[in-house]
Amino acid sequence: IHVALGLDILDAPTQVGKVAYLSLEDSKPVFRQRLYKIVQSMPNEVSTRLEELTSRLFFINRYGKQTFMMGIESGNVVESDYPADLISLFKEHSIKCLIIDTFVRTHSLNENDNAQMGALLVLFEKIAADSECAVILIHHQSKGGGNGEYAARGASSIIDNARSVKKKKKVSNKKADEFDEENIRIAAREELLVKVTHTKHNNSSKHPEQYFEISKEGVPLERFPEMSKKNHLEQRYAELFAWWQEQWESR
């Protein structure tokens, strides 16, 4: 929405352009309801520019349909016809940003095979280069959330081949008292506070940590919480203790 309207997002400027959202997990009614709630939560400027928004935001619904970019035939990794169709579509409509939800539904490969996942990421690079658009892949984390840059599920080549990675993790309710504001503490206790960390940034400077509170309507609302006045050593100890606790509970 921000890119389609040329609005700043998270204090960063955007270049206005057409955006394609490839939905592989949500049906049309679910997506429309989510989009409606997001627009309702945004500044009035957005609701007054709906005609402009719909002219630049493309929703490609493939819910319930196989949309494999790559698969296995006779033991070999092969590319399907779908990437070429996407590239032609994006060139025709000058799409500048593609969001794929989710990565796991774009292939029938072995997610834990580094060679196969590396080939798939190269295919997405090809789509980006040939279409001259940014490609954003939404991917699940490993069971237990993992730690650091390699928290993504599957082969390490998924992260290795990506140029930028952001990790989204729910803030544990055990960390609620680390925040000053009562409303942020309440959100953390109710497990509605999400932390986003820029764990890989090859082509840009590192973005600061971001926090979002998930509203009752399921909309992420950016928050700027103030941390409680613990000294650095206390804060680091609390983080390490919480991490070890999570590792122990996940076993």
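Structure: see above.
These figures come from a predicted structure and were not determined experimentally.

1. Some details on helix α5 (residues 82-93)
- Compared with an ideal rise of 1.5 Å per residue, which puts 12 residues at 16 Å, α5 spans 17 Å between its outermost C-alpha atoms and is within 8% of the ideal.
- Where α5 is buried, its residues touch β1 (18-23), β2 (57-61), β4 (76-79), β5 (95-101) and α6 (114-131).
- Phi for S94, located one or two positions after α5, is positive at around 55°.

2. A few points about the nonpolar core
- Ranked by internal contacts, the top residues of the largest apolar core, which has 24 residues, are L22, M69, F90, L98 and L120.
- When residues of this core are traced back to their parent elements, those giving at least two are β1, α5, β5 and α6.
- With 6 residues, the single largest contributor to this core is α6.
- Those residues in contact with M69 that lie beyond four places of it in its chain are L22, V78, E79, S80, Y82, P83, L86, T106, L120, L123 and F124.
- With 8 residues, the next largest nonpolar core counts I184, A187, A188 and Y211 among its residues.

3. Details of unusual backbone geometry
- In this structure, T102 follows D101 across a cis peptide bond, with omega equal to 5°.
- The backbone of S94 shows a phi angle near 55°, a positive value even though the residue is not glycine.
- Relative to the helices and strands, S94 is located in the loop between α5 and β5.
- Given the relative accessible area of 44%, S94 is considered partly exposed.
- Here E132, not a glycine, exhibits a phi torsion of approximately 55°, which is positive.
- Within the secondary structure, E132 sits in the loop between α6 and β6 (134-138).

Rules of the game
Residues numbered from 1 in each chain as written. Predicted model: local features only at pLDDT ≥ 70, side-chain atom pairs only at ≥ 80, totals over all residues. Heavy atoms only, no water. Helix = DSSP H or I, 4+ residues; strand = E, 2+ residues; numbered from the N terminus. Expected span 1.5 Å × (residues − 1). Contact = heavy atoms within 4.5 Å. Core = buried A, V, L, I, M, F, W, Y, C linked by side-chain atoms within 4.5 Å. Buried < 20%, exposed > 50% of the residue type's maximum accessible area, 1.4 Å probe, protein only.

These results come straight from atomic positions and should not be treated as a statement about function.
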